[in-house]
Amino acid sequence: MISIETLRTHRHSRAAILADPDILLIRRGYRVRLHGDQDARPWEIWQSINIARLHALDYQSSQRLVFTGNSALLLHGIPTWSTNSCVEAWPSKSDFQLRPYPAVQHRHTVVPGVPVICRHKAPQSISQIDGLEAESPVEAVIRLTLNEQPRDAFVAACMVMHSLSGFDRFNLEDSREKWLFAFWGVGVVLAWGRGLPDD
């Protein structure tokens, strides 16, 4: 398992910190060091970098942010089609316009840069996860259905259903019942979401 150590830097930071190849630049003023990444798979490194990007945006923001869509699903631990999707959040006060996150050069892989998207529709159900706020998985799927490609939304809906159903191969009857409820719930939500305006 990879853990993330955060380093806030400024122009007077020690040169040793800035030159260390194990300290990765996420955004100006925000760097991280990954621990336990020696034998990690590339997608695990990408996931850690993407979570660090969410923490960097929250740290550098002067207003309350709620992460939405793919960013919310990442915080909930639900995988989606893309391993490096854009960072998206709803700001509580005013819209923000930020430059995209730069690519991150890790020893074993390069995590491409991603855009930052400001969402205008406020989330209804919010959870606290690791010090960050994220909309519920079902709301995230609705948002993806409205704003992303059908394939991405379909995969996200399937992964959310899998997560909500809590499938247990040793208790098939109960698992089927939970899965049908999750399938029905996500289906109703997706059908309802198609009638909403984008964002």
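Refer to the preceding data block for the structure.
Since the model is a prediction, treat every value here as computed from it, not as a measurement. Every chain's residues receive numbers from 1 upward, in the order its sequence appears when written. Whole-chain, interface and lining totals are the exception, using all residues; otherwise, since this is a predicted model, local features are given only for residues with pLDDT of at least 70 and side-chain atom pairs are given and counted only at 80 or more. Hydrogens and water molecules were not included; the side-chain quantities draw on all heavy atoms of the structure.

Engineer: Any details on the overall build of the chain? Residues and values, ideally.
Structural biologist: Runs of H or I in DSSP of at least four residues are treated as helices and runs of E of at least two as strands, each being numbered from the N terminus. Each helix and strand in the chain was counted, giving 6 helices and 10 strands. Here the term buried applies to any residue with accessible area under 20% of the maximum for its type, exposed to any over 50%, and partly exposed to those in between, with areas from a 1.4 Å probe on protein chains only. With 199 residues in all, the chain has 45% of them scored as buried. Residues count as neighbours in contact if any of their non-hydrogen atoms are within 4.5 Å of one another. The long-range fraction of contacts in the chain, counting pairs at least 24 apart against all pairs at least 6 apart in sequence, stands at 66%. As presented, the chain carries roughly 11400 Å² of accessible surface, and 54% of it is formed by carbon and sulfur atoms. For the accessible areas, the method is Shrake-Rupley and the probe is 1.4 Å, while residue cover comes only from the protein chains on display.

Engineer: Residue-level account of the layout of surface pockets, with values.
Structural biologist: If you roll a probe as big as a water molecule over the atoms, it shows you where there is empty space left. Lining residues are defined by having an atom within 4 Å of a point belonging to a cavity or pocket. Those points lie on a 1 Å grid over the protein atoms alone, cavities being sets where a 1.4 Å probe fits but cannot get out and pockets being open sets with protein on both sides within 12 Å along at least five of seven lines. Grid points are joined across faces, edges and corners, and a volume is the space filled by probe spheres set on the points. Volume-wise, the largest pocket comes out at about 450 Å³. Lining the largest pocket are 18 residues, and of these M1, I2, I4, S48 and I51 sit closest to its centre. In terms of residues, the lining of the largest pocket owes the most to one element, helix α2 (residues 42-60), which gives 7 residues. Each residue receives one of three labels: charged for Asp, Glu, Lys and Arg, nonpolar for Ala, Val, Leu, Ile, Met, Phe, Trp, Tyr, Cys and Pro, and polar for the others, Gly being one of them. The class makeup of the residues in the lining of the largest pocket is 10 nonpolar, 6 polar and 2 charged. Roughly 300 Å³ of volume is contained in the second largest pocket. Considering the residues around the second largest pocket, the lining is formed by 18 residues, among which Q47, L74, P79, S82 and T83 are closest to the centre.

Engineer: Let's hear about the pattern of salt bridges: which residues, and what values?
Structural biologist: Here, a salt bridge means any side-chain nitrogen of Lys or Arg that lies within 4 Å of a carboxyl oxygen of Asp or Glu. Applying the stated rule across the entire model yields 6 salt bridges. Across the pair E88 and R119 runs a salt bridge, and its minimum N-O distance is 3.1 Å. Taken together, the residues span a long stretch of sequence, with E88 in strand β5 (residues 87-91) and R119 in the loop between β8 (116-118) and β9 (126-129) at a distance of 31 residues. The pair formed by E88 and R119 is uniform in burial state, with each residue classed as buried. For the salt bridge of R143 with E135, the shortest nitrogen-to-oxygen distance reads 3.1 Å.

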